[in-house]
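A structural walkthrough
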Amino acid sequence: MSGTGRHRMPPLRMIGAFEAVARLGSRAEAAAELNVTLGAVTKQLRALEQWLGVELFTGDLRNGSTMTLEGRRLAMAVTAGFDTIKSGVGELTLADAAPVELRILAPASLSVNWLMPCLPRLEQEAPWLRIRVHATHTGEDWAPLPHDAAIRRDGFAPEGWSREVLFQERLGAFAAPGLVTEGADLATLPLVEARTRAGELDRWLAQAGVAQVALPRQRFSHFYTAYEAAIAGQGVIVAPTILAEADRAAGRLVPCLPAVQVAGAQHALLVPVSSAAAEAVATFAAFLRRRIAETEVSAGSFF
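Residues numbered from 1 in each chain as written. Predicted model: local features only at pLDDT ≥ 70, side-chain atom pairs only at ≥ 80, totals over all residues. Heavy atoms only, no water.

Scanning the model with the defined rule gives 18 salt bridges in all. Residue Arg103 is joined to Asp148 by a salt bridge in which the shortest nitrogen-to-oxygen separation is 3.3 Å. With Arg103 in strand S3 (residues 100-107) and Asp148 in the loop between strand S4 (129-136) and strand S5 (149-152), this residue pair connects regions lying 45 residues apart in the sequence. For Arg103, a relative accessible area of 28% puts it in the partly exposed group. Under the relative-accessibility criterion, Asp148 is labelled buried at 11%. Between Glu164 and Arg289 there is a salt bridge whose closest N-O contact spans 2.6 Å. A residue pair is termed long-range when its members are at least 10 positions apart, and Glu164 in strand S6 (residues 161-175) and Arg289 in helix H9 (residues 278-299) qualify at 125 residues. The buried category is assigned to Glu164, whose relative accessible area is 12%. Given the relative accessible area of 12%, Arg289 is considered buried. (Salt bridge = Lys/Arg side-chain N within 4 Å of Asp/Glu carboxyl O. Helix = DSSP H or I, 4+ residues; strand = E, 2+ residues; numbered from the N terminus. Buried < 20%, exposed > 50% of the residue type's maximum accessible area, 1.4 Å probe, protein only.)

Let us look at the packing of aromatic side chains. Applying the stated criterion across every chain, the model contains 3 aromatic pairs. On the basis of an interplanar angle of 80 degrees and a centroid distance of 5.9 Å, the ring pair of Trp142 and Trp161 is categorised as edge-to-face. Taken together, the residues Trp142 in the loop between S4 and S5 and Trp161 in strand S6 connect sequence positions 19 residues apart. Judged by relative accessible area, which is 23%, Trp161 ranks as partly exposed. Relative to Tyr227, the ring of Phe223 has its centre 5.7 Å away and its plane inclined at 35 degrees; by these criteria the two rings are tilted. Here Phe223 and its partner Tyr227 are both found in helix H7 (residues 223-231), 4 residues apart, which amounts to about one turn of the helix. Across the ring face of Phe223, the terminal group of Arg197 is positioned such that the distance to the ring centre comes to 4.7 Å. (Phe/Tyr/Trp six-rings, centres within 6.5 Å; stacked < 30°, edge-to-face > 60°. Lys NZ or Arg CZ within 6 Å of the ring centre and 35° of its normal.)

See below:
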């Protein structure tokens, strides 16, 4: 490809189509949101690649593709730009409004290990917004619970809810620093896992080439219990990098074979289409996207 406009801004219609695909994770959903045909979205993506002179997607756009590293970098930049615009508009329209309370449902592990620590920063950025988080558990009937939006990792969106993919987990292995020594054989270390995340440990071990382990694994009812056991030094746990990043940065956990990761579940933001708090939810969603992008950079991997 040869770029024709590297020193100029690409037309907004190209950027708009790319932003919608990056945010929604689907050309079809982007086309529906933009009220254009699927072919029109594909045409704009190809035009943007030609304009920039780089490939943003691998494979044939018509038959499914994934973002290249350049595509992910552009998506982060475009998302930040759009969020800044939305934030500016929101400040103008909501500056004199009374505080708005948002009721958010979120998985317990994500709430404790990532979302709740982010909220003081959100309050600084949007002082008119108050977030009340209700932690949910695997198997819980969450839909009847009072809420304005829900973060779910099971991919299920009831009729009448919109769905925006926030991120896909990247699963790595982590352990307390005292448990893992240099040159330690992973097959000889104790392992912990949650019954609610069955199969993740086995998939990671297979990817790492560990065919057999020496010790029986400890199983806990919920992930957050197993995670705390790993921090306490009771075993190696396979966990999403987004949840483990703060503990890794603080030295409470260290990665085991950091180059070995497997894909986990998607997390999506579900919002009732009849929500009366659409503007506040949009501000919350924009904040989530920024924090996720920052965590990606901190962790050194995309999830």
